[in-house]
Amino acid sequence: MFRRRPKKGAVARPAGRPATPAAAQPSTGPGPSPQPAAFGRGSWFSFRTHDHLDAIRSSFARLAESPLASLMTAVAIAIALALPVTLYVAVMNLQQISAGWDNSAQISLFLKKETAAAELPALVGQLQGMQQVVAVKVVTPDEALQEFRNLSGLDEAVDVLDTNPFPAVLLVMPHAMYSTPQAIEPLLVRMRALPQVETAQLDMDWLRRWQAAMDIGQRTVWLLGGLLGLGVMFVVGNTIRLLVQNHRDEIEVQKLIGATDRYIRRPFLYTGCWYGMSGALIAWLVVYVALAFLKEPVSQFVQLYGGDYRLEMLDLQGGLALLLDGGALGLLGARLAVGRHLSDIEPT
Amino acid sequence: MALIQLSNVGKRYEGGYDALRAITMHIDAGEMVFLTGRSGAGKSTLLKLLALIDRSTQGTVIVNGKNYNHVKPGQIPYIRREIGMIFQNHRLLQDRSVFDNVALPLLIHGYNRNEIQRRVRAALDKVGLLKKERLRPLMLSGGEQQRVGIARAVVNKPLLLLADEPTGNLDPELSSEIMRLFREFNQVGVTVLVASHDLDLIRRFGCRMVTLDNGELLNDTGTLMTSPELERHLEGLPDV
């Protein structure tokens, strides 16, 4: 390429060049001399893509330089990620179990003792006429007594009684839309006002307690996730810091031949991203194995209580979110480390 | 037209040591200049100022119309792309092949693969190392490594070549070979500034010689010969 240049054009060449070195390119020499700036509109993107492919290639090369250390970093990240993810799946499962209970809010109407059995159908009809009410179930005093006998085991004590102490009870199932404590309050007030009703009781307190416990669980997941995510960032950051130090010579040479900080930074950012993602992938695997390990005893446990429940695994969407989060944390950690340590390295 | 213009340039390091004092000179585009003087005279410092590795503490450095006093850190990479630098210790990356080393400036520039191959091969051909492109730098002799360094410096077709003691570790024959390479690049229009203390070698080229002593400009021969004279002079040099 140098031979074909005209010998006598030595002085004319620089004189004809633009004054700004950034935009300037040697225009000497016959033949095509495609420069990035001259690639045309469509090529700007391919130029950038090329840059990134280049960075990705060297980022993998850097991972492969010390495979054992890379693996150890990835495992450390995986452990940090697996803990909150396991907790997340546990909370998710508990919520799944309680999801069916949301509609089970019911109002128990204890009727006054003097209410005659003949009045009941009319009252039930009145209640069923309300649009908030889905169903009404009547528990007569006899049924209540029978149930008490069965559940309490106090048969002999009951036999001693000469009268049935139980009032008639109406179990009112509100519409699902009125299943929260706030929404059901007006209905409750209305029912308390009915002349036949002694007390109206909402069986919801335990649900609220459960919900509160779930909230604590959920927040714990976020808290742990946040802390351990921070940990992941620092693990990646530290690894990248060492990597930058190991590549000191290369970085100096790159700076000397005109590489921008952005160009030098890019492979390190990709490396950080791969660390985070591979850690997340291992974490996904760990959680999967752990859940598979627990699956059978859990369904056995639930079965003993007469239930039928299958442990929910981390689904594909959750797993992909984990991968993305891991990658983002790695990227962030790498960015923090590289930004600081790259500026320390200046060629001398 | 002056490619390099130094006016009253000084460089004082922390602690008060003056590496350069009140240097005023200019180098025209297309010139080949030898910078000489004892070690510690300030040759390297001057080259570092030109490559923006260091900044002057006094005076103005203007290269290719760009006043270095006004250059922001973010602009430095783009200015360096116009300057090919050659070092005494080559500064090659040992974990990459000769080809990859030479390709570095082109990768940074974002050329496509075909263009990179074409240019790297052309540069390696020019320095006579086309057949060794797959080798690692450590498998090459000192002279060959230096030629890889030169190929890397010229592959991007820079305006200006700066060489800091490029023959410091080479025997006389190899040194002469390297200098002839610089001369060839100069002949196709590249401005070349070579710092060297090898006076015998320098004198044989009959180029302009700037001598520094203790940070000051001691002597500047100016352009000694006109071009045809130079050609004749060069023809008398041993072919390598």
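Residues numbered from 1 in each chain as written. Chains lettered and ligands numbered in written order. Predicted model: local features only at pLDDT ≥ 70, side-chain atom pairs only at ≥ 80, totals over all residues.

**A short note on the pairing of strand 10 (residues 216-220) of chain B**
All names here are of chain B. When strand 9 (residues 208-213) meets strand 10, the two strands line up antiparallel, connected through 4 bridges. The residue bridging Val-210 from the neighbouring strand is Asp-220, located in strand 10. What sits between strand 9 and strand 10 in their antiparallel hairpin is a turn of 2 residues, with Asn-214 showing a positive phi close to 55°. (Pairing = 2+ DSSP bridges. Helix = DSSP H or I, 4+ residues; strand = E, 2+ residues; numbered from the N terminus.)

**Side note on the sheet that holds strand 4 (residues 58-63) of chain B**
Residues and elements named next belong to chain B. Across the sheet, which stays open at both edges, the 4 strands sit in the order 2-1-4-5 with antiparallel pairing between neighbours. The open sheet has two edge strands, strand 2 (18-28) and strand 5 (66-67), and neither has a second partner. Alignment of strand 4 against strand 5, held across 2 bridges, turns out to be antiparallel. Directly across from Val-63, in strand 5, lies its bridge partner Lys-66.

**Overview of the sheet that holds strand 3 (residues 32-36) of chain B**
All names here are of chain B. Here 6 strands make up an open sheet; going across it, the order is 6-7-8-3-9-10 and the pairing mixed. At either end of the open sheet lies a strand with only one pairing partner, and these are strand 6 (83-86) and strand 10. Taken pair by pair, the neighbouring strands of this sheet meet at an average axis angle of 20°, ignoring direction. With 4 bridges joining them, strand 3 and strand 8 (residues 191-195) adopt parallel strand pairing. If you follow Met-32 over to strand 8, its bridge partner there is Val-192. Its contacts with the sheet place helix 6 (residues 172-187) against strand 3, strand 7 (160-164) and strand 8, and it is angled at close to 155° to strand 8. (Axes fitted to C-alpha atoms, helices over the stretch in contact; angles between N-to-C directions. Contact = placed C-beta atoms within 7 Å.)

**Details of the domain arrangement of chain A**
By the assigned domains, chain A splits into domain 1 (48-100 + 209-342) and domain 2 (106-203). One C-alpha centre belongs to domain 1 of chain A, the other to domain 2 of chain A, and the line joining them spans 54 Å. (Domains from an automatic or database assignment.)

**Considerations on the environment of Leu-207 of chain A**
Within the secondary structure, Leu-207 of chain A sits in helix 8 (residues 205-246). Between the C-alpha atoms of Leu-207 of chain A and Trp-222 of chain A, which are 15 residues apart in sequence, the distance is 23 Å.

**Some remarks on helix 5 (residues 142-154) of chain B**
All names here are of chain B. Compared with the 18 Å implied by 1.5 Å per residue over 13 residues, the 19 Å span of helix 5 between its first and last C-alpha is a close match. A large share of helix 5 lies buried, amounting to 10 of its 13 residues. Of the residues making up helix 5, those classed as buried are Gln-145, Gln-146, Arg-147, Val-148, Gly-149, Ile-150, Ala-151, Arg-152, Ala-153 and Val-154. (Expected span 1.5 Å × (residues − 1). Buried ≥ 20, exposed ≤ 12 C-beta atoms within 10 Å, placed from the backbone.)

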